[in-house]
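Here is what each chain is made of, one letter per residue.
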Amino acid sequence: MNKPALSVIIPCYNSEKYIRATLESIFVQQTAIYEIIVIDDASTDNTPAILKSFPQIRYYQQQNQGPSVARNYGLQLAQSDLICFLDHDDVLAANKFEIQLRFLAQNPDVDIVMGKSKYFKDDDLNDPAHESHFSVLLGACIFRKAVFTKVGLFEADNWYCQDFDWFLKAFEKNIPIIRHDDLMFYHRLHETNLSNRRPQARLDILKMLKQSIDRRKELENSFVYPALNG
């Protein structure tokens, strides 16, 4: 079997309402050699039955441990050197794989390529209330798998804003990233988004920023300055 050009990793939990549209946004991609790895975080609705009806995917279940653990499990299973993350309720632009794989092929020293994102509601991808923008959302990117050896995996205890925390670490390590102006990713807004839990999310972001500052201070304090010849 040919090695897939790209591994798509989808953590999911109680996603019966949206998972079909999420998968369809992968099936329409022009790049044919990919694998889809879905990690079910102990769903209690009809999600398992729906997912088992798609022979195109690799379906795994885990105990309810959150999206970070699911993504890390997906990385362990991924066969490709390139990774795309997609949440169970979000949607990819139809030309995402074609555009971003080309960027990575043309720039072998770059570890991450990031396009623009857009929020949408009620299945309206052209939702006029929201414009495309750059944001540290995992679904807007494609990653070289090796970058997770450089930066580390997702923190298992982070159920909110895991992408923000991981990108802080990537920026601290000066990981090379290309940003391009194409709209690559649609983030669905609905009543059960984890990000709707704003008080907890804000607390987590503050904690992550403090941890980032502490890591930078520790690095600065450990730097040995060369002796000056007097």
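Described in the following lines is the structure provided in the data block. (Residues numbered from 1 in each chain as written. Predicted model: local features only at pLDDT ≥ 70, side-chain atom pairs only at ≥ 80, totals over all residues. Heavy atoms only, no water.)

### Comments concerning helix H6 (residues 162–172)
- Of all 11 residues in H6, 9 are buried, a share of seventy percent or more.
- With its phi angle positive at about 55°, asparagine 174 sits one or two positions after the end of H6. (Buried < 20%, exposed > 50% of the residue type's maximum accessible area, 1.4 Å probe, protein only. Helix = DSSP H or I, 4+ residues; strand = E, 2+ residues; numbered from the N terminus.)

### Thoughts on the pairing of strand E1 (residues 6–12)
- Extensive coverage of E1 is indicated by the burial of 7 of its 7 residues.
- Side chains Leu6, Val8, Ile10 and Cys12 project from E1 onto one buried face, and the interleaved Ser7, Ile9 and Pro11 project onto a second face that is buried too.
- For E1 and strand E2 (residues 34–40), the ladder comprises 7 bridges, and the chain directions are parallel. For isoleucine 9, the partnering residue across the bridge sits in E2 and is isoleucine 37.
- Note: E1 against strand E4 (residues 82–85), 3 bridges, orientation parallel. Bridge pairing links serine 7 to isoleucine 83 in E4. (Pairing = 2+ DSSP bridges.)

### Structural notes on unusual backbone geometry
- Not every positive phi belongs to a glycine, and alanine 42 is a case in point at roughly 65°.
- With respect to the secondary-structure elements, alanine 42 resides in the loop between E2 and helix H2 (47–52).
- Here alanine 42 falls in the partly exposed class, since its relative accessible area comes to 31%.
- Its identity as a non-glycine residue notwithstanding, asparagine 174 has a phi of 55°, on the positive side.
- Structurally, the position occupied by asparagine 174 is in the loop between H6 and strand E8 (177–189).
- Here asparagine 174 falls in the exposed class, since its relative accessible area comes to 65%.

### Here we look at the nonpolar core
- Counting 50 residues, the largest nonpolar core has Phe143 and Trp166 as its most contacted members.
- If you tally residues by element for this core, the top one is E1, at 5 residues.
- Each residue touching tryptophan 166, except ones within four places of it in the same chain, is listed here: Ile112, Phe143, Val147, Phe148, Val151, Gly152, Leu153 and Phe154. (Core = buried A, V, L, I, M, F, W, Y, C linked by side-chain atoms within 4.5 Å. Contact = heavy atoms within 4.5 Å.)

### Let's talk about the sheet that holds strand E7 (residues 141–144)
- Ordered by their spatial adjacency, 8 strands build an open sheet running E3-E2-E1-E4-E7-E6-E8-E5, and the pairing between neighbours is mixed. The open sheet has two edge strands with one neighbour each: strand E3 (57–61) and strand E5 (91–92).
- Alignment of strand E6 (residues 112–121) against E7, held across 3 bridges, turns out to be antiparallel. What sits directly across from methionine 114, in E7, is cysteine 141.

### Overview of the side chain of aspartate 127
- Here aspartate 127 is to be found in the loop between E6 and E7.
- In this structure aspartate 127 is buried but unpaired, with lysine 121 as the nearest side chain of opposite charge at 6.6 Å. (Lys, Arg positive; Asp, Glu negative; His and termini not counted. Salt bridge = Lys/Arg side-chain N within 4 Å of Asp/Glu carboxyl O.)

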